[in-house]
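Structure assessment
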Amino acid sequence: MMECEKILSNFKIEGEPTSIVPYGEGHINDTYLVTTTAKKYILQRINNQIFKSPENIMKNISAVTSHLREQIIARGGDPERETLNIIKTNDGENFYMTPDEEYYRIYVFITDAKSHQLVQEPIHFYNAAKSFALFQRQLADFPAKSLFEPIPNFHNTKVRFENLLKAVKADKVGRVKEVEAEIEFAMARKDEVGIIVDLIEKGDIPVRVTHNDTKYNNIMIDNKTGEGICVIDLDTVMPGSLLYDFGDSIRFGASSALEDETDLSKVFMRDELYEIFTKGFLEVVGDTLAPAEIEYMAFSAKLMTFECGIRFLTDYLDGDNYFKIHRPSHNLDRARNQFKLVSDMETKMDFMKKVVQKYI
Ligand code: ADP
Ligand code: GN1
Ligand code: MG
């Protein structure tokens, strides 16, 4: 608490801090809810093992939120709630670096809204779809080249697959023998890992400014209206494919269970959630899609799920250095869960493609 208070004293926050508590279920940063005598804030320690240049990340977020802010104001929205608002340090910076090089930032806490781990009402997921799609649409005229790439090859599934192979070969912590079935599952799909990156390279799929981490818990759902009020977690905003955002949304939000559910009989894609998300997403960006984007939407859901599965598996084999874990088998449980979803989507690919055709 003392340490946190010292950190807070470097920021231009209103009121005196009354409590600081760990908050949220993100896998990457350390997040705290700060309550002061005046208002609430989100304090985050940026994971600088993963984000090697927090300074550039904050430049990205500052530029992107300024751009969004203008658009929100122009359409008569509330810029305090509909985008992240960075609180400056006393020196006017977007982050504070401690003497031992830890990086902290503060955002205004978005009130009267929550981020959920599971979809409670299908309408919320429809609203999330519209918000994630609007996020992209609003960034269509943002100068993509001005963005720093926070994690190179973030959704390059080919590179992710190569990383898995390297981890298998290295077998750093002796876990390979335990996960032969999962490695086999991944190997059986190796021919698919290049499909989207190759289409981007050929120019068939356009590069846009995308969010790249469109988990359902990265959107704030308004408590009263159920609208997707604000897209949060902007660390990975960078040039990418619209299919990354669509696919990753389905991966997490259309699942019947939490990402780490171990009873795999409970893990499948909820068809009605897939459909309603696709409907909402296409209502907002459908008119901007290239033919290859339309063709590969359904596939992107499967590919993003597969990619996430191999990332969890790779991290398990590497000794759990990347994602936060709360039990030794956590990354393996997550990988198995994602692979179960992949299998389920494979049986539903015709349906998934038909849904895209229905709403385009
Ligand atoms: P991570 O990168 O670790 O996932 P996030 O930026 O997603 O971190 O934050 C973790 C959680 O904190 C979110 O899921 C959400 O519940 C909460 N959160 C983050 N920013 C805000 C905000 N501005 N207002 C309210 N809650 C927030
Ligand atoms: C991480 O930060 P968070 O928890 O929203 C990860 C995503 C993964 C996701 C899996 C920067 O997201 O790429 O899809 O976990 N973020 C980063 O749940 O790697
Ligand atoms: Mg998050």
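What you are looking at is a predicted structure, and each value in this text was computed from that prediction instead of being measured.

Basis of the calculations
Residues numbered from 1 in each chain as written. Chains lettered and ligands numbered in written order. Predicted model: local features only at pLDDT ≥ 70, side-chain atom pairs only at ≥ 80, totals over all residues. Heavy atoms only, no water. Near = heavy atom within 4 Å. Polar contact = N/O pair within 3.5 Å; in protein donor to acceptor, adjacent residues only side chain to side chain. Areas by Shrake-Rupley, 256 points an atom, 1.4 Å probe, with all protein chains shown as cover. Helix = DSSP H or I, 4+ residues; strand = E, 2+ residues; numbered from the N terminus. Axes fitted to C-alpha atoms, helices over the stretch in contact; angles between N-to-C directions. Left-handed = near helix turned anticlockwise from the far one by under 90°. Contact = heavy atoms within 4.5 Å. Nonpolar A, V, L, I, M, F, W, Y, C, P; charged D, E, K, R; others polar. Pairing = 2+ DSSP bridges. Domains from an automatic or database assignment. Buried area = accessible area lost by both parts, 1.4 Å probe. Salt bridge = Lys/Arg side-chain N within 4 Å of Asp/Glu carboxyl O.

**Description of the site of ligand 2**
- By nearness alone, 17 residues border ligand 2, and H27, K215, E259, R311 and Y322 come closest of all.
- Take D233: an N or O atom from its side chain is 2.9 Å from an oxygen atom of ligand 2.
- Taking Y322, its side chain carries an N or O atom lying 2.5 Å from an oxygen atom of ligand 2.
- Expressed as a share of its isolated accessible area of 450 Å², the protein-covered part of ligand 2 is 97%.
- Of the residues forming the shell around ligand 2, the biggest block, three residues, is contributed by helix α10 (residues 291-318).

**Notes on the packing of helix α4 (residues 122-138) against helix α9 (residues 271-285)**
- Orientation of α4 relative to α9, taken along the N-to-C sense of each, is 30°, at an axis distance of 8 Å. Regarding α4 and α9, the two cross each other, and that crossing is right-handed. Residues P122, F125, Y126, A128, A129, K130, F132, A133, L134 and R137 of α4 touch α9, and the partners they reach there are L273, I276, F277, K279, G280, F281, E283, V284 and V285.
- Of the residues that constitute the contact of α4 with α9, the class distribution is 14 nonpolar, one polar and four charged.

**Quick word on the sheet that holds strand β2 (residues 30-36)**
- Taken together, the five strands give an open sheet; going across it, the order is β1-β2-β3-β5-β4, and neighbouring strands pair in antiparallel fashion. A strand with exactly one partner marks an edge of an open sheet, and here the two such strands are β1 (17-22) and β4 (96-97).
- Alignment of strand β3 (residues 40-46) against strand β5 (residues 103-108), held across six bridges, turns out to be antiparallel. Residue pairing in the sheet places L43 in a bridge with I106 of β5.
- Helix-sheet contacts for helix α2 (residues 54-74) involve β3 and β5, and the interaxial angle to β5 is about 20°.

**Describing the domain arrangement of the protein chain**
- Domain assignment breaks the protein chain into domain 1 (2-111) and domain 2 (122-359).
- Every contact between the two is made by 26 residues of domain 1 and, on the other side, 28 residues of domain 2.
- Surface buried jointly by domain 1 and domain 2 totals about 2400 Å² across both partners, of which 62% is contributed by carbon and sulfur atoms.
- A per-residue breakdown of the area domain 1 buries against domain 2 is headed by H27, N60 and V64, which together make up 26% of the total.
- The tally of links between domain 1 and domain 2 comes to three salt bridges.
- For R105, the salt bridge goes to D235, with nearest N and O atoms at 2.8 Å.
- Those elements that provide at least two residues to the side of domain 1 that touches domain 2 are α2 and α3 (79-82).
- The greatest single-element share of the side of domain 1 that touches domain 2, amounting to 10 residues, is contributed by α2.
- By residue class, the composition of the side of domain 1 that touches domain 2 is 10 nonpolar, 10 polar and six charged.

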